Amino acid sequence: MGHTYSSKGFLKGAMILTMAALLTKLLSAVYRIPFQNIVGDIGFYIYQQVYPFYGIALALSTYGFPVIISKMVAEKVDRGDQEGAKKVAATSFIFLLLVGVIWFVAVYAGADIISTWMGDPQLAPLIRVISLSFLLLAPLSVLRGYHQGKEQMVPTAVSQVAEQSVRVVTILVSSTVLLAKGNSLYAAGQGALFGSITGGLAAVIVLVLFTAAKKEGLLGGASFFPKGFKGVWTALMKDGTAICVSAMLLVLLQFVDSLNVYALLTAHGVEEGAAKTLKGVYDRGQPFIQLGTVAATSISLTIVPLVTTAYLKGKKELVRDYSQLALKISILIGFAATLGLVNIMVPTNTMLFENADGSSVLAVFSLSIFFSCLILTFSGILQGIGRIYYPAAIIIGGIPIKFILNMLLIPVFGVMGASLSTVLTLGLITIGLVVKMKRLFGINLITPSFYKSLFISGAGMTLVLQGLLLGYRWLLTNGAHERMTSAFFALVGVAVGAVVFLLLFLRGEHLSEEEISFLPFGSKMNRVKKGLQPRYRK
């Protein structure tokens, strides 16, 4: 008897994975703040230079390959072929073991060359440490994909949280201990990067325990090269890679920055220590963009499974409606988060990183939040309707653009040029995805009045926040404690800015009660909207 997947079960599973992804992204963003406070800007530069390798390994083992494996396993289970599902897992393990070993050898053996490209040969030992994370690709991807294919989302969710939790603890403890014992910042960075190994091993242990508890006997006696294994390998190579690329958008841009920001600064006359500090300050932008995109995409992408379900049922109008809703929410929260952060960047930067260095660079970099929210939502929608290659192609096309823009802008504007190149690249990728969406749906998904209300709400929020900043500057000039005052105004600014923006936007009729219900505290916001609406109509 075949296995039937209910939409309720599907959405419940998607919600579990979304909540786990939200928590892990928060952990991934938040730990950078105490870490930077421990190691300083140069130590942060050292870590961030090598981090993209872990980001690539994480994307491969969390998003692309598990998704494709789960799809193939689900197809077997749906036909009642439990042994076939195990064969998919077994042959996928062999393929990904080869992929992981190739990545490991390439990164480990190429560490000296890569660190030279980056302009800092002292990074080579750190690159060798991070290369070990690719050896965990096969067990992580296969076990996650197999359980997901059987609608068992809890093992994947728990493993993701365990991986990030153990990793964060390792990073903070190792860096603190190593520096306390008089080790160099490079040694502290090496210890921090070892967190990718301890975190990955923790995730593997969690997944193995779940598998053992279910008495699956997953790889025992299974054929690693069953009939049709080439089809499984081809799907992993093509479809898995395409989904991975979409998930690696920000990591790939970070990788480009690792390759040439520091090297370009030193090549154009910046002293090495100063260049490391500048790059470390620039890297402060990563937690901002991660936190900003988490809020928008975690909400909008919960709607993507609804898009997929409607698409599979052939309900094109419903696909368009759900896509429009996802975009509305992504634009709304992405715009508010970006504009709000730009307004309060100085106190926020000081609160988190001890001083306001690079605030203008980070304010420009924060514009990336808006475009990243849109790109991730567009990619999710396109993947949900089976168009997985287009987002990957557009993103891959953006990488050389980012590299070239860095080459052109950094010699002129310094690290501000790196911020500008990131924003411009993301803007071009967004345009490419907008064009595709318009071709697919044939109409504009968002009305002009929506944007008008959006900008009115943004203007109102900006006026209020700039008023708060006048008080902030007055207190600082009169001797107030800088970091404590900054923390107070940053937190108050977030709360007040969000309330003002939301109240102004709810006065319009651009989101229905059903659409608002997808937002946090949706029922309460609907009551507020009803109270505002009569005054709006007068």
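None of the values given here were measured: they were computed from a predicted structure.

How each quantity is defined
- Residues numbered from 1 in each chain as written.
- Predicted model: local features only at pLDDT ≥ 70, side-chain atom pairs only at ≥ 80, totals over all residues.
- Heavy atoms only, no water.
- Helix = DSSP H or I, 4+ residues; strand = E, 2+ residues; numbered from the N terminus.
- Expected span 1.5 Å × (residues − 1).
- Bend = angle between axes of the 7 residues up to and from the residue.
- Buried < 20%, exposed > 50% of the residue type's maximum accessible area, 1.4 Å probe, protein only.
- Contact = heavy atoms within 4.5 Å.
- 1 Å grid on protein atoms, 1.4 Å probe; cavity = no way out; pocket = protein on both sides within 12 Å on 5 of 7 lines; lining within 4 Å.
- Points joined across faces, edges and corners; volume = space filled by probe spheres on them.
- Polar contact = N/O pair within 3.5 Å; in protein donor to acceptor, adjacent residues only side chain to side chain.
- Axes fitted to C-alpha atoms, helices over the stretch in contact; angles between N-to-C directions.
- Parallel < 35°, antiparallel > 145°, perpendicular 65-115°, else oblique.
- Nonpolar A, V, L, I, M, F, W, Y, C, P; charged D, E, K, R; others polar.

Caption draft 1: The arrangement of helix α10 (residues 229-247) in detail. Taking 1.5 Å of rise per residue, the 19 residues of α10 would be expected to cover 27 Å, and the 26 Å separating its terminal C-alpha atoms lies within 8% of that figure. Of all the bends found along α10, the most pronounced is centred on G240 and spans about 30 degrees. Burial in α10 covers these residues: V232, W233, A235, L236, D239, G240, A242, I243, C244, V245 and S246. The elements touched by buried residues of α10 are α2 (32-78), α3 (82-109), α11 (249-267), α18 (367-384) and α19 (389-413).

Caption draft 2: Structural detail: empty space enclosed by the protein. This structure, assessed with the given rule, holds four cavities of 30 Å³ or more. Put simply, the largest cavity is a space of about 80 Å³. As for the largest cavity, its lining consists of Y54, A57, L58, S61, S133, F134, L136, L137, L140, E163, S196 and G200. Every element with two or more residues in the lining of the largest cavity is listed here: α2, α6 (137-149) and α9 (195-213).

Caption draft 3: Spotlight on the side chain of N406. Tracing the sequence through the fold places N406 in helix α19. Judged by its relative accessible area of 0%, N406 is buried. Engagement of the side chain of N406 in a polar contact is seen with the side chain of S421, the distance being 2.4 Å.

Caption draft 4: Fine view of the packing of α2 against helix α8 (residues 185-193). In contact at an axis separation of 9 Å, α2 and α8 are set at 75 degrees when each is read in the N-to-C sense. Classed by the angle they form, the pair α2 and α8 counts as roughly perpendicular. Across the interface between the two elements, F35, V39, I42, G43, Y45, I46, Y47 and V50 of α2 pack against L185, Y186, A192 and L193 of α8. Taken together, the residues that form the contact of α2 with α8 break down as 11 nonpolar, one polar and no charged.

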